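# Observations on the three-dimensional arrangement
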Amino acid sequence: MSRNTRRQFLKQAGLAGAGLAASSIFTVPGFSQAAGRTARASLGLVAPRKDFDRRVFGAFLEHLGRAVYTGVYEPGSKLSDKRGFRTDTLREVKELNVPIMRYPGGNFVSGYNWLDGVGPRKDRPTVLERAWNSLETNQFGTNDFMDWAKAVGTEPLLGFNLGTGTAEMAVAYVEYCNFARGTKWSDLRRAHGYEQPHNVKYWCLGNEMDGPWQIGRLKAREYGWKARDIAQQIRVIDPEIQLIACGSSGPGMPTYLEWDREVLEECYDMVDGLSLHVYYGNADSTGGKTERFLAMNIDMERQIQETAAVCDYVQGLKRSPKKLWLSFDEWNVWYRANSGDHTNGHGKFAPKLLEEVYNLEDALLVGGLLNTLIRRSDRVRVGCLAQIVNVIAPLMTSDKGILRQSTYYPYAMALKYATGRVLDLQMEGETYPVRAAGARGSFARDMDVPFVDAVATYDAAKKQVAVFALNRDLSNERELALSFDDITPSRVLACETITGSDLKAANTFEDPNKVVAQKLDAGTAGGKMTVKLPARSYTVIHLAV
Ligand code: AHR
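In what follows, the accompanying structure is described. Along every chain, residues carry numbers that run from 1 in the direction the sequence is written. Thresholds applied to this predicted model are a pLDDT of at least 70 for local features of residues and 80 or more for the giving and counting of side-chain atom pairs; totals over whole chains, interfaces and linings are not thresholded and use all residues. To get the side-chain values, take all heavy atoms of the structure and skip hydrogens and water.

## Section: the packing of aromatic side chains
- For Phe, Tyr and Trp, rings pair up if their centres lie within 6.5 Å, where Trp contributes its six-membered ring, and each pair is then called stacked (planes under 30 degrees apart), edge-to-face (over 60) or tilted (otherwise). For the structure on display, the rule yields 21 aromatic pairs.
- Taking 6.1 Å as the distance between ring centres and 75° as the angle between the ring planes, the aromatic pair formed by Y103 and F140 counts as edge-to-face. Here F140 lies in the loop between strand 6 (134-136) and helix 3 (142-152) and Y103 lies in strand 4 (residues 100-103), a separation of 37 residues in the sequence.
- The class of Y103 is buried, set by a relative accessible area of 0%.
- Aromatic side chains F160 and W203 sit 4.7 Å apart centroid to centroid with 10° between the ring planes, which places their arrangement in the stacked category. Of this pair, F160 sits in the loop between strand 7 (155-159) and helix 4 (167-178) while W203 is found in strand 8 (residues 202-205), placing the two residues 43 residues apart along the sequence. By the burial criterion, F160 is buried, and W203 matches it.
- An aromatic cluster of at least three residues, connected via ring pairs, comprises Y69, Y73, F85, Y103, F140, F145, W148 and F349.
- Over the ring of F451 we find R478; its NZ or CZ atom is 3.8 Å from the centre of that ring. Strands are runs of DSSP state E lasting at least two residues, helices are runs of H or I lasting at least four, and both sets are numbered from the N terminus onward. Under the scheme applied here, a residue whose accessible area is under 20% of the maximum for its type counts as buried, over 50% as exposed, and between as partly exposed, the area being computed with a 1.4 Å probe on protein chains only. As a reminder, the over-ring test applies to NZ of lysine and CZ of arginine, requiring each to be within 6 Å of the ring centre and within 35 degrees of the ring normal.

And the structure:
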């Protein structure tokens, strides 16, 4: 099996197996069943809570296909500035206000030598990249990414190569980026024109090191041991750094949770966070049912809960005072462009890889997944929509311009309106039954799925509330009756929805506005207010309180 066939592996591991007979119910916290087309949400400030970390709305840029080359960097193009940065991508990402960006991979990082990508461009080697079988010219590297990140206003989240990479080169990378001056690697950075250290705070200790597709894959205890050693050395150079250990590549893995436990048993005290990854699909082979697909954020909810439980179990074993946070640093819909030539660059430069075309139903699930990340932001500190441009992305470039795919809209809504803290929300409403789809992975169990999935945030400084609601009902409008306990909405500031009659509708360069956010009438603001959610929709209601 070639290395990059994540999908093939998960299929063989049983993800696409037959349905289970056993029935179990797992819904979102605070939800109870009730009959009728009106879902009722009562919102309050009951428990004192901190503001959530906006890093939960991050994204991901990998050296993969056309993500970096022609997506972000295209010197010589009339669409690029003098640094070679695509100005349209730069403008879009800046406007989105993405808080953190993971780089340079992904699978790519496990064969990457960061030293090839720094220093004068003319001296950088062209290499054959083995994760995606593509030509890597190294014309864009760490310092270029730092410049770009600064230009778009995002924080870098860098990854170490724990595949072919040594501890020595990982530690040198931190010294190169974060040490001020007077040492071999910090002075090399200065010689490259970067006098000030980059001070990168968040780092991933490798990528999906449990995956048979991963270059330099390790056994859980080997990985945990290696991660521990590297982390220990890094903390000498920069004690402020936040280190993320590789958790399981997803619930479809045969070693799901066991991997996490064994890794953490080796390195718990040396790391700060644990990564989670997941991709969802609505393929015929997994049932092809939109009713089930739109409920997959409940699976994400479960994955978060289960992974947090493993972290807490190891915390107990170690008698550690430290609680790990979670980094959901890869999540998205991805099931069409995920095999064959979609994942094999055939030795070419900037090949078209993973160029998934997103439709309305994908955008609705992305809205649901964002709801889950908001709801679980007490435990998930970092999240990365995988990825940002051209590769399974909300933005696509051509030689003529840039396109916002359908999934751009829910992501933009969360980035724009979700601020402050998460409100306590008790919800009751009608559910529909969904049968299990696979033996492992998404929808392994039967479920009762709420038609309406809602979360709300409250920004105390701005005195604003935002309610995000997914209506999974494919045929009917549903009412969302909001009842506020300790705050009273005085005005509707904005109300936008993503909906449409054709769940398979997608934006194209020729027809870019088929799936966009539209204005919706939210009715009258007040302590009790009712919003009519269109069938098949994801809606944000932004209120002054
Ligand atoms: O995001 C695409 C790929 O999916 C990443 O490179 C890898 O980490 C995951 O399998």
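## Considerations on the pairing of strand 4
- Residues I100 and R102 line one face of strand 4 and the alternating positions M101 and Y103 line the opposite face, and both faces are buried.
- Where strand 3 (residues 58-60) meets strand 4, two bridges bridge the pair, whose relative direction is parallel. Opposite F60, over in strand 4, you have R102 as the bridge partner.
- Traced from strand 3 through helix 2 (residues 87-96) to strand 4, the parallel crossover comes out right-handed. Think of it this way: DSSP has to see at least two bridges between two strands before they count as a pair. Clockwise travel from the first strand over the helix to the second, with the strands pointing away from the viewer, marks a crossover as right-handed.

## A word on the site of the ligand
- E62, N107, E208, Y279 and E330 are the nearest of the 15 residues found near the ligand.
- Within the side chain of E330, an N or O atom sits 2.6 Å from an oxygen atom of the ligand.
- We define a polar contact as two N or O atoms separated by no more than 3.5 Å, with the added condition that, inside protein, one atom must be a possible hydrogen donor and the other a possible acceptor, whereas residues neighbouring each other in sequence contribute only through side-chain atom pairs. Q387 is positioned with one of its side-chain polar atoms (N or O) 3.0 Å from an oxygen atom of the ligand.
- Only the protein chains shown count as cover for residues, and the accessible areas themselves come from Shrake-Rupley with a 1.4 Å probe. Surface burial for the ligand is 100%, taken as the share of its 280 Å² of free accessible area covered by protein chains.
- Grouping the constituent residues of the shell around the ligand by class yields seven nonpolar, four polar and four charged. One heavy atom within 4 Å of a molecule or strand is enough for the residue carrying it to be called near that molecule or strand. Note on residue categories: nonpolar means Ala, Val, Leu, Ile, Met, Phe, Trp, Tyr, Cys or Pro, charged means Asp, Glu, Lys or Arg, and polar means any other residue, Gly included.

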